[in-house]
Amino acid sequence: MRILVLSTSYPSTNLSRGIFVHRIYQRIVKKHHKVTVVTPLVVDGPENLDGVKVKRFTYFFTPALQFITKKNVVTGLKNPLGILQLPLFFLIYFIKSYKEAKKSDVIHAHWAFSGILAIFLGRLLKKPSLITLRGSDINVAVKYFPTRFLMKLVLNFVTVALSNSLEYTQRAESLGLNKKVDVIVNGIDTEIFHPRNKNLARNKLGLSRNKTIFVYTGRLMELKGVDDIIEALPIFSKKYQNFKFIFIGAGEIDKFKKECKEKGILDYVEFVGEKSQKEIALYLNASDLFVFPGKAAGIANIWIEALASGTPVLVANAPGTEYLITHNKNGLIVPMNDPKAVADAMFLFTKNKKLAAKLRKNTDNIIKEKGLSWENTAEKHIKIYENLIK
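First things first, this report covers the structure right here in the doc.

Considering the side chain of Gln-26
At step 1: By secondary structure assignment, the location of Gln-26 is in helix α1 (residues 19-30).
At step 2: You can call Gln-26 buried: its relative accessible area is 11%.
At step 3: For Gln-26, the residues in contact, after removing those within four places along its chain, are Asp-50 and Val-52.

Right, here's the structure in full:
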């Protein structure tokens, strides 16, 4: 079976953006299927990534001038220059995808933005098309009438619509579709994310064995709750000082560093930038609590990775949280947009040793219960593809 994947985010050697999309197809090619990904060039990467053929394209001189995909599509389209680049973007995206689509059995777009092209190619070549909603697309679409209308049109015309969260499915189906939107939750790489000795992990990273370590991983932006963490830390540090908070990821690092300095908490934090999956796993193993009070609905993949690593999580009560996290069982849930609640929960965790031990003990039970591995996720995709080409 030949699968064409259209995605505005896909990883390269030194960039992990869209890594969860790659994890699916990395497993699928091991089942002797052929996968080609067409994606905008952000940074140079190999043409063959773990057996997946990757075609990267430039749509406006150099990647630095490509405003649509420089950060992410939602941010890019807020820029007038990004909107001006849209016709050229879709034209080149189509040209680069058409040849591959002709050779493929199915066309699968990740994020609805690429879904527009998947539908067009599918109709033109009489091939089945699929879209997977991944959060930023449906979350933005439901806010405005024009995008609601466009999203409804796209989902009604695609052969199969999927999402990686029950919450995203419910939002999509609220538009009044002529089909169901099925859920396939992301998996994790259990060979990378699994419990390890905390002290050994800290030794490798040069972290103190005696401090409480908190970790955040993800893009550094307000939507992910980084602003709430930084507002919480001065409150928390008045009660408890023997800690280090480590921020992993790219994004608005300079902005948040400046805020930490202004709030007098710079000595308590460390911004380590982007890290590989193996390095992230080591940080999770070394940490006492993973903190991610994000404001978007759905399941963040890093929650799953943290739990699989044996690290309890602190999250906000965004829709979809309850699928993975049970308060006071395998994590702590706080109200959204409430830095004081974040600080109070962190303090409770540091002082209530019995609760902390209970949370750690229950971390990976949910992973086993729901079968959250990339192998299972890949198998579900293969079954859908096979049913479409029978």
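Structural notes on helix α13 (residues 339-351)
At step 1: Spanning 13 residues, α13 covers 19 Å between terminal C-alpha atoms, matching the ideal 18 Å at 1.5 Å per step.
At step 2: Every buried residue of α13 is listed here: Pro-339, Ala-341, Val-342, Ala-343, Ala-345, Met-346, Phe-349 and Thr-350.

Re a nonpolar patch on the surface
At step 1: A contiguous nonpolar surface patch, about 600 Å² in accessible area, is contributed by Ile-116, Phe-145, Phe-149, Leu-150, Leu-153 and Phe-157.
At step 2: By residue number, the principal contributor to the nonpolar patch is helix α6 (residues 145-157), which donates 5 residues.

Some points on the sheet that holds strand β9 (residues 212-217)
At step 1: Within the open sheet, the 6 strands sit side by side as β11-β10-β9-β12-β13-β14. Their pairing is parallel. Sheet topology places β11 (269-273) and β14 (331-334) at the edges, where each strand pairs with a single neighbour. In this sheet, adjacent strand axes meet at a mean angle of 25° when their direction is disregarded.
At step 2: Here β9 runs beside strand β12 (residues 289-292); their pairing, made up of 2 bridges, is parallel. By the bridge assignment, Val-215 is partnered in β12 with Phe-290.
At step 3: Contacts between helix α9 (residues 226-239) and the sheet are confined to β9, β10 (243-248), β11 and β12, with β10 contributing the most and set at about 170° to the helix.
At step 4: The sheet strands contacting α13 are β9, β10, β12, β13 (313-316) and β14, and the helix crosses β14 at an angle near 155°.

A look at the nonpolar core
At step 1: Grouped together as the largest cluster of nonpolar side chains are 67 residues, with contacts concentrated most on Phe-245, Phe-247, Phe-290, Trp-303 and Leu-314.
At step 2: Excluding residues that lie within four positions of it along the chain, Leu-314 makes contacts with Leu-289, Phe-290, Val-291, Phe-292, Pro-293, Leu-332, Val-334, Val-342, Ala-345 and Met-346.

Here's the deal with the environment of Glu-386
At step 1: Note that Glu-386 resides in helix α16 (residues 374-388).
At step 2: For Glu-386 and Val-106, which are 280 residues apart along the polypeptide, the C-alpha to C-alpha distance reads 9.3 Å.

Considering the packing of helix α11 (residues 277-286) against helix α12 (residues 301-308)
At step 1: It is the contact of α11 with α12, at a shortest axis distance of 9 Å, that shows an interaxial angle of 55°. When the axis of α11 is compared with that of α12, the two are oblique. Note on packing geometry: the crossing formed by α11 with α12 is right-handed. Residues Gln-277, Ile-280 and Leu-284 of α11 lie in contact with α12, whose contacting residues are Ile-302, Glu-305 and Ala-306.
At step 2: Residues of the contact of α11 with α12, tallied by class, amount to 4 nonpolar, 1 polar and 1 charged.

Examining the environment of Leu-155
At step 1: Looking at the secondary structure, you find Leu-155 in helix α6.
At step 2: Taking relative accessible area as the criterion, Leu-155 reaches 0% and is therefore assigned buried.
At step 3: On a C-alpha basis, the gap between Leu-155 and Phe-243 in space is 47 Å, while along the polypeptide they are 88 residues apart.
At step 4: Once residues within four sequence positions are removed from consideration, Leu-155 is found in contact with Leu-133, Ala-161, Ala-172, Leu-177 and Lys-179.

Conventions used here
- Residues numbered from 1 in each chain as written.
- Predicted model: local features only at pLDDT ≥ 70, side-chain atom pairs only at ≥ 80, totals over all residues.
- Heavy atoms only, no water.
- Helix = DSSP H or I, 4+ residues; strand = E, 2+ residues; numbered from the N terminus.
- Buried < 20%, exposed > 50% of the residue type's maximum accessible area, 1.4 Å probe, protein only.
- Contact = heavy atoms within 4.5 Å.
- Expected span 1.5 Å × (residues − 1).
- Patch = residues over 30% accessible without salt bridge, like charges linked within 9 Å, V, L, I, M, F, W, Y side chains within 5 Å.
- Areas by Shrake-Rupley, 256 points an atom, 1.4 Å probe, with all protein chains shown as cover.
- Salt bridge = Lys/Arg side-chain N within 4 Å of Asp/Glu carboxyl O.
- Pairing = 2+ DSSP bridges.
- Axes fitted to C-alpha atoms, helices over the stretch in contact; angles between N-to-C directions.
- Core = buried A, V, L, I, M, F, W, Y, C linked by side-chain atoms within 4.5 Å.
- Parallel < 35°, antiparallel > 145°, perpendicular 65-115°, else oblique.
- Left-handed = near helix turned anticlockwise from the far one by under 90°.
- Nonpolar A, V, L, I, M, F, W, Y, C, P; charged D, E, K, R; others polar.

It is worth stressing that arrangement in space is one thing and function is another; only the former is reported here.
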